[in-house]
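For reference, the chains in residue letters:
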Amino acid sequence: MNKVKFQFSIKDLENLSGIKAHTIRIWEKRYQIFTPERTETNIRFYTLEELQKLLNVSFLNNYGYKISRVAELSDLELNKLVKQVYSEKTNTVFAINVLKIAMINFDTLLFNETHLELAKTKSFESIFLDIYIPFLNEIGMLWQTSSIKPIHEHFISYLILQKLIENTCTIQLKTPVVDEDKVFVLFLPENEVHEMSLMFTNYQLIRKGYRTIYLGSSVPFADLLEISKFYDNINFISHFTVMPYKDEVDSYVKKFEKEILNQKSSKLYVSGNQTQYVTPNNSTIFRFNLPEDLINTF
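Now for a description of the structure that goes with this document.

Reading the values: the criteria
- Residues numbered from 1 in each chain as written.
- Predicted model: local features only at pLDDT ≥ 70, side-chain atom pairs only at ≥ 80, totals over all residues.
- Heavy atoms only, no water.
- Buried < 20%, exposed > 50% of the residue type's maximum accessible area, 1.4 Å probe, protein only.
- Helix = DSSP H or I, 4+ residues; strand = E, 2+ residues; numbered from the N terminus.
- Pairing = 2+ DSSP bridges.
- Axes fitted to C-alpha atoms, helices over the stretch in contact; angles between N-to-C directions.
- Parallel < 35°, antiparallel > 145°, perpendicular 65-115°, else oblique.
- Contact = heavy atoms within 4.5 Å.
- Nonpolar A, V, L, I, M, F, W, Y, C, P; charged D, E, K, R; others polar.
- Salt bridge = Lys/Arg side-chain N within 4 Å of Asp/Glu carboxyl O.
- Arc of directions from axis to C-beta.

**With respect to the pairing of strand 5 (residues 234–239)**
Inference 1: With 6 of 6 residues buried, strand 5 lies mostly within the body of the structure.
Inference 2: When strand 5 meets strand 6 (residues 267–271), the two strands line up parallel, connected through 5 bridges. In the strand pairing of strand 6, Ser238 is matched with Val270.

**Observations concerning the packing of helix 3 (residues 48–62) against helix 6 (residues 92–104)**
Inference 1: Closest axis-to-axis distance for the helix 3/helix 6 pair is 10 Å, and the angle between their directions is 170 degrees. On the basis of their axis angle, the class for helix 3 and helix 6 is roughly antiparallel. Contacts from Leu48, Leu51, Gln52, Leu55, Asn56, Phe59 and Asn62 of helix 3 reach helix 6 at Val93, Phe94, Asn97, Lys100, Ile101 and Ile104.
Inference 2: The residue inventory of the contact of helix 3 with helix 6, partitioned by class, reads 8 nonpolar, 4 polar and 1 charged.

**Topic: the pairing of strand 6**
Inference 1: A large share of strand 6 lies buried, amounting to 4 of its 5 residues.
Inference 2: Pairing geometry for strand 6 and strand 7 (residues 285–287), over 3 bridges, is parallel. Looking at strand 7, one finds that Leu268 is bridged to Ile285.

**Considerations on the pattern of salt bridges**
Inference 1: Scanning all chains against the criterion turns up 5 salt bridges.
Inference 2: Lys254 serves as the salt-bridge partner of Asp250, at 3.4 Å between the closest nitrogen and oxygen. Here Asp250 pairs with Lys254, and both are found in helix 12 (residues 249–261), just 4 residues apart, close to one helical turn.
Inference 3: The exposure class of Asp250 is buried, given its relative accessible area of 18%.
Inference 4: Classification of Lys254 by relative accessible area gives partly exposed; the value is 49%.

**Here's the deal with helix 2 (residues 21–31)**
Inference 1: Inspection of helix 2 places Ala21, Ile24, Trp27 and Glu28 among the buried residues, and these make up the whole buried set. Taken down its axis, helix 2 places every buried residue within 120 degrees of arc, on the same side. Those residues of helix 2 that are exposed and aimed more than 90 degrees away from the buried face are His22, Lys29 and Arg30.
Inference 2: Looking at the buried positions of helix 2, the neighbouring elements they touch are helix 1 (10–17), strand 2 (44–45), helix 3 and helix 4 (67–70).

Rendered as structure tokens:
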């Protein structure tokens, strides 16, 4: 199988592994864990295989294994020990490290194999909250430090979205609606496309037996007005990550309240960075931080 070849600086290794560059140099010099090559200008660079080895070494070090012992292991022995500790301790740290390798190498098969292994012992909700969310938060920082490219984040985010859609479809078929009185309409405002959090909220609501109408990203206001004509009691849910703009978000919410929520028992629940610019309204407009905070209110 062809592999995508990458070269990593020592700063990249630090960002991806959490091990300080100074410590990496010490391990390299004292224990010969790595044998980096050098550019024509004498700057170290590391291969994908050396990054993977560092992630394994970091994983074992987190569980109390001394570097002097780990350094004596062959690559085969190192991988074997990692798998042993992985099964005995926890698979969270190890899984995130594997997901990094899958992301950097654009390896869809490795991602799917990792997900299947996690699903043997964890619910999808646990996988999403305990592994995917921390992982996505971490790669957001990696993107900002240029250790990965935006294309890496797009690749892995899409794979996680696939799993979210798959599991949502599964529970829709298995979970009957137990509360016909509540209707949840989930949407993102126009030009807002960051919908993973909203999709997970939709998953959680369906799992609890609520009826949801998922409209997705960049929904025109006129469409929201139209759907409000079909039901008297709607719980609208949205997530404002970057839109509406901070100088427009308050007027958007007030317009929503006046034209859609007026004279009805419907409510709007919003989360996301832009909600800090929303004037609180205790009767029809509610702000929440995490999807589980919202779910627990119903």
